[in-house]
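Letter by letter, the chains look like this.
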Amino acid sequence: MSDEHLPGSYGGDNDKLSPASKLECKICWYVYDPSAGDDCWQIPPGTAFTQLPEHWSCPQCQGRKQDFLMIGEPHD
Ligand SMILES: [Zn+2]
């Protein structure tokens, strides 16, 4: 088993996310909310995490996109 990606980590796998998925920076706990977008990167509201540019990083700590954790993911 690889320990590269903890359960709940995004790890660059877009298939794990829905358009409304919120993700949390594992370093500083900044939360990216698709309904709010990201003023720092001029990301308009309604932009899914999966649609963020590849070079996007945490607005607060410059943490890598791949290091964000999935939160509040609805399960049915
Ligand atoms: Zn951060």
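Fair warning: this is a prediction, and the values are worked out from it, not measured in the lab.

Reading the values: rules and limits
- Residues numbered from 1 in each chain as written.
- Predicted model: local features only at pLDDT ≥ 70, side-chain atom pairs only at ≥ 80, totals over all residues.
- Helix = DSSP H or I, 4+ residues; strand = E, 2+ residues; numbered from the N terminus.
- Buried ≥ 20, exposed ≤ 12 C-beta atoms within 10 Å, placed from the backbone.
- Contact = placed C-beta atoms within 7 Å.
- Pairing = 2+ DSSP bridges.

A. Focus on the overall build of the protein chain. Helix and strand counts for the protein chain stand at 0 helices and 3 strands. Going from the N terminus to the C terminus, the protein chain shows its helices and strands as β-β-β. The proportion of buried residues among the 76 residues of the protein chain is 12%. The long-range fraction of contacts in the protein chain, counting pairs at least 24 apart against all pairs at least 6 apart in sequence, stands at 59%.

B. Highlighting the sheet that holds strand β1 (residues 22–25). Across the sheet, which stays open at both edges, the 3 strands sit in the order β2-β1-β3 with antiparallel pairing between neighbours. Every interior strand has two partners, whereas the edge strands, β2 (31–32) and β3 (68–71), have only one. Where β1 and β2 come together, 2 bridges link them in antiparallel fashion. Considered in β2, the bridge of L23 is made with Y32.

C. Region of interest: the pairing of β1. Burial of β1 is one-sided: the residues L23 and C25 facing one way are buried, the residues K22 and E24 facing the other way are not. Note: β1 against β3, 4 bridges, orientation antiparallel. In the strand pairing of β3, K22 is matched with I71. Hairpin connection from β1 to β2: 5 residues lie between these consecutive antiparallel strands, with W29 at a positive phi of about 70 degrees.

D. View of unusual backbone geometry. The phi dihedral of Q42 is positive, around 55 degrees, even though this residue is not glycine. The class of Q42 is exposed, set by 7 C-beta atoms lying within 10 Å.

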